[in-house]
Each structure stands twice: as C-alpha cells, then as structure tokens.
Amino acid sequence: MQPESRQALLHVAVASCLCTATVYAGVFDGIFIQVGYEHYAEAPVASLPAFLAMPFNSLINVAYVLLGMYWLRRRARAPGRAVEVWRARYLKDVFASMALVYGPVQWLRIATQLHHAAVLDQWLTLPIFAWPVAWCLSLDRGWEPWLLLAIECLSLGSYGLTLLHPYGFEVALGAHIIAVVGQALRTHRRYGSATSGTSLALGMLSCLGFVVLKLCDHRLTCWYPFQRLTGHFWSKVCDVLQFHFAFLFLTNLNTGQRLPPEGKVH
C-alpha cells in the first residue's frame, strides 16, 4: 500500500473514531431517530442471528466494503508532476476509505437497531457526500489541505441541526446533495468530457433512486418486485452505484484537468 493510501486510511479512521466517541458519550442521545424493525419493509427472520435478521438489508453492506477495496487498489492518474499523482491518489483513497468504514457502520445499525448505531450511521453519511465537493474544489483551486479539512468539519458540524429539529438530518442531507450536484455540474463544465458527463448523469440518477426508494420502502411492497427485495435494499444498491459513479466521474476529471496555476502549487 502506498504511503498516501495509508495516510488516507488513517485520517478516515481517526475521524470515524472521534465521531464514535462523541456519539457514545451521549451528545446526541436526545435526538429523534427511527430504530426498530418496524421501520423496514423487509421482515426479520427469527431463525437467523441478529447480524442477519434482515438478510438482504444486512448483506448489501458487504458491497460498500468491496467497493472501497476495489477503488483503494486502483491506480490514480493526474497530469503534471509526481506530486499531482500523490494528491489525486490521496483524494481517491479518502473516498475509498469512507466506503470501507461506512459498510460495517450501517450493518451495525441494521443488526442492533440501537440509537447510538443509528446516529453514527446518519452522521457518517454527511462527510461522504461532502468529499466530492472538496475534491471538485481541489481541481479548481489547487491543493489546499485546510480547505478540505474545513469542508469536512463543516459537514460534520451540520449534524448539529438534529439537536434543533426532528428533521435536522434530512435538512442537512438535502443541503449536501444540492451542494454536491451543483459543484459537480460546475466542475464538469470546466474540465469534463463525454465520459465524465455519462458518469455524472448515472450518479445523479442513482442518487435519485437512493432517496426515493428509501422513502417509499413500505409503500413499494404492494408491488411484487419489492416484496422480497425491498425499497430499502434497492436504495442501498443505488447508494453503492452513486458511490461508484462518483469515483468514475472524479477520477476522469483528475486525468482531464488543466495544471493548477503557479500560485496554487504548494
């Protein structure tokens, strides 16, 4: 594993541990969040162990881990000097590390149906959506580590809205989705190609599926295709796909971007 890959994994692991410690310290104990099997259309199977009680909603989380491992092993490309390749690999590997962490966290929520696990699952969703914004801005502005850190801290801080309103998470997530789509479209206009445009369109379609299928989980059960493999399961398939298409989009932009201005190379 390359040094920048280890660094990316370390940074994500440290941030995830800090979030976990904050959650289990009780900071968000008072927020409203849905827990319990009744909130899922997939019926639990009593004969299976807890970590497989909802087998399809549980096993889909392996896909996040496989996706993270796949992209962690992929080589990064960027125009210019070796330092640009290093930076491109770091940006890619942070995103891949997020996928590696998110799969087990989401599985923990499904398996335990505990408040703390559900909070952690929600909270870690936000910086994942924020990272493509940071990645796109790094293509525009050059390498600014403090900007990357500021965006992720702002994203994590936005979860504080849950302390103010029962729908604080939905507001924060909606703002993240709007921000990432807007920034992706802007960056595509500057550096994109037909290939990146296809990845962007498929990623946006997957994001729409992720949101709609999850919201309609119970209502979709009147349709035969969603009675065994439920809307929540397919929303997670769409989530994995939007992750993958975001990788394709951003790595394609990395290879097609212009060299940063002289003043932006640090």
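Small disclaimer: the values here were computed from a predicted structure and weren't measured.

(A) Spatial organisation of the overall build of the chain. Along the backbone of the chain there are nine helices and zero strands. Along the chain, helices (α) and strands (β) appear in the sequence α-α-α-α-α-α-α-α-α when read from the amino end. For 266 residues, the compact-globule estimate of 2.2 N^0.38 gives 18 Å, and the C-alpha radius of gyration of the chain, at 19 Å, lies within 12% of that figure. Taking the intrachain contacts of the chain between residues at least 6 apart in sequence as the baseline, contacts between residues at least 24 apart amount to 75%.

(B) Summary view of the packing of helix α5 (residues 115-141) against helix α7 (residues 168-191). At their nearest, the axes of α5 and α7 sit 9 Å apart, and the two run at 20 degrees to each other. In this view, α5 runs roughly parallel relative to α7, as classed from their interaxial angle. By crossing handedness, the relation of α5 to α7 is classed as left-handed. Its residues placed into classes, the contact of α5 with α7 shows 16 nonpolar, five polar and three charged.

(C) Examining the packing of aromatic side chains more closely. Considering all chains together, one arrives at 17 aromatic pairs under this definition. Ring geometry for Phe-243 against Phe-247: centres 6.1 Å apart, planes inclined by 15 degrees, an arrangement best described as stacked. Taken together, the residues Phe-243 and Phe-247, both in helix α9 (residues 231-256) and four residues apart, mark about one turn of the helix. Among the aromatic residues, those joined into a ring-pair cluster are Tyr-70, Trp-71, Phe-95, Trp-135, Phe-243 and Phe-247.

(D) Just a nonpolar patch on the surface, in detail. A cluster of nonpolar side chains, namely Val-27, Leu-161, Leu-163, Leu-164 and Val-171, defines an oily patch on the protein surface of about 470 Å² accessible area. With respect to the element layout, Leu-161 can be found in the loop between α6 (145-157) and α7.

(E) Fine view of the environment of His-244. Considering the arrangement of structural elements, one finds His-244 in helix α9. Overall, His-244 belongs to the partly exposed group, its relative accessible area being 23%. Along the chain, His-244 and Val-181 lie 63 residues apart, while their C-alpha atoms are 15 Å from each other. Setting aside chain neighbours within four positions, we find His-244 in contact with Leu-67, Tyr-70 and Trp-71.

(F) Layout of the layout of surface pockets. Taken as a whole, the largest pocket spans an internal volume of roughly 880 Å³. As for the largest pocket, its lining consists of 34 residues, of which Gln-34, Gln-122, Glu-170, Lys-214 and Leu-215 are closest to the centre. Of all elements in the fold, only α4 (82-112), α5, α7, α8 (194-215) and α9 reach the threshold of two or more residues within the lining of the largest pocket. Element by element, the count of residues in the lining of the largest pocket is highest for α7, at six residues. Considered class by class, the residues forming the lining of the largest pocket number 15 nonpolar, 12 polar and seven charged. Looking at the second largest pocket, its volume works out to about 630 Å³. Lining the second largest pocket are 25 residues, with His-11, Val-12, Ala-15, Leu-149 and Glu-152 positioned closest to its centre. Of all the secondary structure elements, the ones that give two or more residues to the lining of the second largest pocket are α1 (3-24), α4, α5 and α6. The biggest single contributor to the lining of the second largest pocket is α1, with eight residues. Tallied by class, the residues present in the lining of the second largest pocket amount to 21 nonpolar, three polar and one charged.

(G) Just the state of the cysteines, in detail. In the structure shown here, the tally under the stated rule is zero disulfides. Just so you know, Cys-17 is unpaired, no disulfide at all, and the nearest cysteine sulfur is the one on Cys-19, 9.4 Å from it. The exposure class assigned to Cys-17 is exposed, which follows from its relative accessible area of 53%. No disulfide involves Cys-153; its nearest neighbouring cysteine sulfur is the one of Cys-19, lying 9.6 Å away.

(H) Representation of empty space enclosed by the protein. Taken as a whole and assessed by the stated rule, the structure comprises two cavities of 30 Å³ or more. Approximately 370 Å³ is the volume found for the largest cavity. As for the largest cavity, its lining consists of 23 residues, of which Phe-129, Pro-132, Val-180, Gln-242 and Ala-246 are closest to the centre. Residue assignment for the lining of the largest cavity shows that the elements contributing at least two residues are α4, α5, α7, α8 and α9. Considering each element in turn, the lining of the largest cavity owes the most residues, seven residues, to α9. Here the lining of the largest cavity is built from residues that sort into 18 nonpolar, four polar and one charged.

Cut-offs and rules
- For every chain, the first residue of the written sequence is number 1, and numbering continues from 1 onward in sequence order.
- Only residues with pLDDT of at least 70 get local features here, since the model is predicted, and only at 80 or more are side-chain atom pairs given and counted; chain-wide, interface and lining totals rely on the full set of residues.
- Excluded from the side-chain calculation are hydrogens and water; included are all heavy atoms of the structure.
- Secondary structure elements follow DSSP: runs of H or I no shorter than four residues count as helices, runs of E no shorter than two count as strands, and numbering proceeds from the N terminus.
- Within these notes, the globule rule equals 2.2 Å times the number of residues to the 0.38 power, and the radius of gyration is based on C-alpha atoms.
- Residue contacts are counted whenever heavy atoms from the two residues lie within 4.5 Å of one another.
- Note on definitions: angles span 0 to 180 degrees between N-to-C directions of axes, and those axes are lines fitted to C-alpha atoms, for helices only across the stretch in contact.
- Relative orientations are named as follows: roughly parallel for angles under 35 degrees, roughly antiparallel for angles over 145 degrees, roughly perpendicular for angles from 65 to 115 degrees, and oblique for any other angle.
- Crossings are assigned a handedness: left-handed for a near helix turned anticlockwise from the far helix by less than a right angle, right-handed for a clockwise turn.
- Three categories are distinguished: nonpolar for Ala, Val, Leu, Ile, Met, Phe, Trp, Tyr, Cys and Pro, charged for Asp, Glu, Lys and Arg, and polar for the others, with Gly belonging to the last.
- When the centres of two rings from Phe, Tyr and Trp lie within 6.5 Å, Trp using its six-membered ring, the rings pair. Their planes under 30 degrees apart give stacked, over 60 give edge-to-face, and anything left gives tilted.
- Patch membership is restricted to residues that have no salt bridge and whose relative accessible area is over 30%. Joining uses 9 Å for like charges and 5 Å for the nonpolar side chains Val, Leu, Ile, Met, Phe, Trp and Tyr.
- For every accessible area listed, the method is Shrake-Rupley and the probe measures 1.4 Å; residues are considered covered only by the protein chains on display.
- Here, a salt bridge means any side-chain nitrogen of Lys or Arg that lies within 4 Å of a carboxyl oxygen of Asp or Glu.
- Exposure is judged per residue with a 1.4 Å probe applied to protein chains only, and the accessible area is read against the type maximum: over 50% gives exposed, under 20% gives buried, and values in between give partly exposed.
- A 1.4 Å probe that fits but cannot get out identifies a cavity on a 1 Å grid over protein atoms alone, an open set with protein on both sides within 12 Å along at least five of seven lines counts as a pocket, and a residue lines either if it has an atom within 4 Å of a point.
- Grid points are joined across faces, edges and corners, and a volume is the space filled by probe spheres set on the points.
- Note on terminology: disulfide denotes any pair of cysteine sulfur atoms within 2.5 Å.

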